[in-house]
Every structure is written in structure tokens, then in C-alpha cells.
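# Residue-level structural notes
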Amino acid sequence: QVQLVESGGGLVQAGDSLRLSCAASGRTFSNYAMGWFRQAPGKEREFVAAIGRTNGNTHYSDSVDGRFTISRDNAKNMAWLQMSSLKPEDTAVYYCAAVIYGSGRNNKPSEYNYWGQGTQVTVSS
């Protein structure tokens, strides 16, 4: 069992930056690839970014590539999503997720074993 807790969401203006954190506890963190997903009201949960079990393999959706950066620190059992140049369409609840022995290219919610409770990000225009 892995427990994931997100933090760092909030209300920001378009063009601002925000860093989301995901604290993991339970099983060996380095066995899990990590992902970030988001879900806006009335929409399906969509892939944002993923990172392999080390920092060497990352993957982004087209909508955030070049603006968001995913990272992790296995010694601290932490993952982060650095978001820059935020747009109103980035407004959503953001979730971190873990997949055992994942590749870092896992982009479907069904691939993930554990989920956090989500943190709200609201970007005003």
C-alpha cells in the first residue's frame, strides 16, 4: 500500500507559476513511477506528466509540454510538478498517482495503482 498526499494548489493569475508536491509513504517509493493527472468539472481525468523510477525518464501531455516540469526525490519520498506560464484552461483538481514498476510513460489512469486525494488549482484570467 502507498499513501499519496498532494499539496501546493491554490488560486493564481494567468502567467503565474505554482509548484505542486506529492508526499508518498508506505512501500518503497523508488519501485513506483509517478504521474500527475488533472480533472476539470464535467471532464474526464486527463494525463499531465509522468516520471520513471529515477529522474531520467519523463513524459508530458502536449498541452503542458514546455511549461510544466515533473521531478522526484527518492530519498525524500517526494514528487513535484512545477507549473509555469499557467493558463485558465489549466484550472482543475490535480492528482498524483503511483504505478508499480512503471516506465515513466504511463499516461492512462487505469495503469496506476494508487492515487492521492487531489489539490485544486485555479487560474484566473
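Structure: above.
We now turn to the structure provided with this report.

Rules used in this analysis
- Residues numbered from 1 in each chain as written.
- Predicted model: local features only at pLDDT ≥ 70, side-chain atom pairs only at ≥ 80, totals over all residues.
- Heavy atoms only, no water.
- Salt bridge = Lys/Arg side-chain N within 4 Å of Asp/Glu carboxyl O.
- Helix = DSSP H or I, 4+ residues; strand = E, 2+ residues; numbered from the N terminus.
- Buried < 20%, exposed > 50% of the residue type's maximum accessible area, 1.4 Å probe, protein only.
- Contact = heavy atoms within 4.5 Å.
- Polar contact = N/O pair within 3.5 Å; in protein donor to acceptor, adjacent residues only side chain to side chain.
- Disulfide = S-S within 2.5 Å.

## Description of the pattern of salt bridges
With the rule as written, the count across this model stands at 3 salt bridges. The partner of Arg38 in a salt bridge is Asp90, and the shortest N-O contact between them spans 2.9 Å. Highlighted residues: Arg38 in strand E4 (residues 32-39) and Asp90 in the loop between strand E8 (78-83) and strand E9 (92-100), separated in sequence by 52 residues. Relative accessible area serves as the criterion here: at 6%, Arg38 is assigned to the buried category. The partner of Arg67 in a salt bridge is Asp90, and the shortest N-O contact between them spans 2.8 Å. Within this pair, whereas Arg67 is found in the loop between strand E6 (58-60) and strand E7 (68-73), its partner Asp90 is found in the loop between E8 and E9, the two being separated by 23 residues in sequence. Residue Arg67 is classed as buried on the basis of its relative accessible area, which comes to 13%. Through salt bridges that share partners, Arg38, Glu46, Arg67 and Asp90 make up one connected network.

## Digging into the environment of Ser110
Mapped onto the elements, Ser110 comes out in the loop between E9 and strand E10 (114-115). When the C-alpha positions of Ser110 and Gln120 are compared, they lie 22 Å apart, and in sequence the two are 10 residues distant.

## Some details on the environment of Tyr112
By the secondary structure assignment, Tyr112 is in the loop between E9 and E10. What Tyr112 contacts, discounting residues up to four positions off in sequence, is Ala33, Met34, Gly35, Phe37, Ala50, Ala97, Ala98, Val99 and Asn106. Within the structure, Tyr112 has its side chain in polar contact with the backbone oxygen of Asn106 (distance 2.7 Å).

## Considering the state of the cysteines
Counted according to the given criterion, the structure contains 1 disulfide. In this model Cys22 forms its disulfide with Cys96; the gap between the sulfur atoms is 2.1 Å. As the torsion about the S-S bond is roughly 55°, the Cys22-Cys96 disulfide counts as right-handed. You can see Cys22 sitting in strand E3 (residues 18-26) and its partner Cys96 sitting in strand E9, a full 74 residues away along the chain. You can call Cys22 buried: its relative accessible area is 0%.

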